[in-house]
Amino acid sequence: MLLSLRVRELELKNRVVVSPMAMYSAIDGVPQDFHLVHLGARALGGAALVFVEMTAPCPEGRITPGCTGLWNEAQMQAFKRIVDFAHASGAGAKMGLQLGHSGPKGSTQVGWETPDEPLPEGNWPLLAASTVAYGPNNQVPQAMTRADMDRLKAQFAQSTRYAVDAGFDWLELHCAHGYLLSSFITPLTNQRSDAYGGSLENRCRYPLEVFSAMRAAWPEHLPMSVRISAHDWAPGGNTADDAVAMARLFKAAGCDFIDVSSGQTTRAARPVYGRMYQTPFADRIRNEVGIQTIAVGAISQADQVNSIIAAGRADLCALGRPHLADPAWTLHEAARLQSRQVHWPPPYLRGRDQLYREILKQKEA
Ligand SMILES: Cc1cc2nc3c(=O)[nH]c(=O)nc-3n(C[C@H](O)[C@H](O)[C@H](O)COP(=O)(O)O)c2cc1C
């Protein structure tokens, strides 16, 4: 867990990642002081890479009115303040941005209301691969035209340039969970009869075009990842075999890492949950395709991270909800293992010494 990793020219101090998580606390797409404190605390908390939540390249690409965006200078400056804080803190955490467009799951309510359901008022029109609504109450999206595709690709590239200006270290393209690019990849929502529908290669064509436009705007020495739904968990949907094929296509386009999630592409999904339940997909992709992977999903203990990394099932482990419960998850898990190979921010050192002593006493009792 505490081994470092070099990706392109970026050095990650360990294998723990704060998974991207929507906070629904932005105003007009601009991250607020909440984000500075939330992401700053996690940057101080020991993880090597801290992802910002899914951030939209245009206003209609947000999931909810509280989601972050990166289509203007004010948003860039607000992100820069957060990234600068993380870098200047001395904690050594790198900052990642996840860019994504909500597609058929946009214009919905924040996480603590009724997620994935439309807003009571003020809804905006939706775009997707095809005219397939996410659920009975969701709007029917418009199928993207060539002009829509060109415009959005340019917006993703512009957001990427803003991400460079903000100083981000890592860029991820969100192609999972039923959002716009995912709506192209899964056959359950892609009914196109043009070059962007049909075979898996065709369904991945637009996400790959967006990825390539972003890769061209993102510095050569910095890494990029793609988050995929490796399984739709529904009849007729993508399976792990398709995920392996997708990973091959993104690898060929210059992707460094596949961030391996699953599901949320259809309400018909029946996922098989369990500890580390998505790790087998990360394992297959890593070892069959020869691309680095991030394992994510129900990973909650250092022992699990250590076994995933040591067994070569993934190269990084992203933890979501554990980091909502504990911003300093990595520091606390290292203390539990009495490992000293972890850097505590100097102002917190007296707290570290006390914690290690207490844990040692408990172990000896
Ligand atoms: C509050 C919340 C918000 C999330 N927002 C995002 C997001 O913006 N982008 C994304 O790819 N996944 C998002 N996820 C999924 C997490 O990144 C992660 O994949 C999922 O929670 C499983 O990991 P865990 O078991 O460690 O929580 C979110 C999850 C939670 C709990």
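For the structure, check the block above.
What you see is a predicted model; the values in this text were computed from it and never measured.

Cut-off values and rules
- Residues numbered from 1 in each chain as written.
- Predicted model: local features only at pLDDT ≥ 70, side-chain atom pairs only at ≥ 80, totals over all residues.
- Heavy atoms only, no water.
- Pairing = 2+ DSSP bridges.
- Helix = DSSP H or I, 4+ residues; strand = E, 2+ residues; numbered from the N terminus.
- Axes fitted to C-alpha atoms, helices over the stretch in contact; angles between N-to-C directions.
- Contact = heavy atoms within 4.5 Å.
- Buried < 20%, exposed > 50% of the residue type's maximum accessible area, 1.4 Å probe, protein only.
- Right-handed = clockwise from strand over helix to strand, strands pointing away.
- Near = heavy atom within 4 Å.
- Polar contact = N/O pair within 3.5 Å; in protein donor to acceptor, adjacent residues only side chain to side chain.
- Areas by Shrake-Rupley, 256 points an atom, 1.4 Å probe, with all protein chains shown as cover.
- 1 Å grid on protein atoms, 1.4 Å probe; cavity = no way out; pocket = protein on both sides within 12 Å on 5 of 7 lines; lining within 4 Å.
- Sits in = over half its atoms within 2 Å of the grid points.

A. Broad picture of the sheet that holds strand 5 (residues 94–99). Strand order in this closed barrel of eight strands is 3-4-5-8-9-10-11-12, and the pairing throughout is parallel. Looking at each pair of strands side by side, their axes are set apart by 25° on average, direction ignored. Strand direction decides the pairing type here: strand 9 (residues 224–229) and strand 10 (residues 257–261), joined by five bridges, are parallel. Within the sheet, the bridge partner assigned to Ser225 lies in strand 10 and is Phe257. Sitting on the sheet, helix 6 (residues 205–217) touches strand 5, strand 8 (170–175) and strand 9, and the angle it makes with strand 8 is about 165°. Along the sheet, helix 9 (residues 302–310) makes contact with strand 11 (292–296) and strand 12 (316–319), crossing strand 12 at roughly 150°.

B. Fine view of the pairing of strand 5. Burial within strand 5 is extensive, with five of its six residues counted as buried. Of the strand pairs in this sheet, strand 4 (residues 49–55) and strand 5 are connected by six bridges, and their pairing is parallel. Within strand 5, the position partnered with Leu49 by the bridge is Lys94. The β-α-β motif built from strand 4, the intervening helix 2 (residues 73–88) and the parallel element strand 5 has right-handed crossover chirality. Relative to strand 8, strand 5 is paired through four bridges, and the arrangement is parallel. By the bridge assignment for strand 8, Gly96 is matched with Trp170.

C. Seen up close, the site of the ligand. As a structural note, the neighbourhood of the ligand is formed by 17 residues, with Ser19, Pro20, Ala298, Gly320 and Arg321 the closest of them. Measuring from a nitrogen atom of the ligand, one finds a backbone N or O atom of Ala22 at 2.8 Å. Here the ligand has 610 Å² of accessible area as a free molecule, and 82% of this is covered by the chains. Judged by the proximity of its atoms to the pocket grid, the ligand belongs to the largest pocket. Contributing elements (two or more residues each) for the shell around the ligand: strand 4 and helix 10 (321–325).

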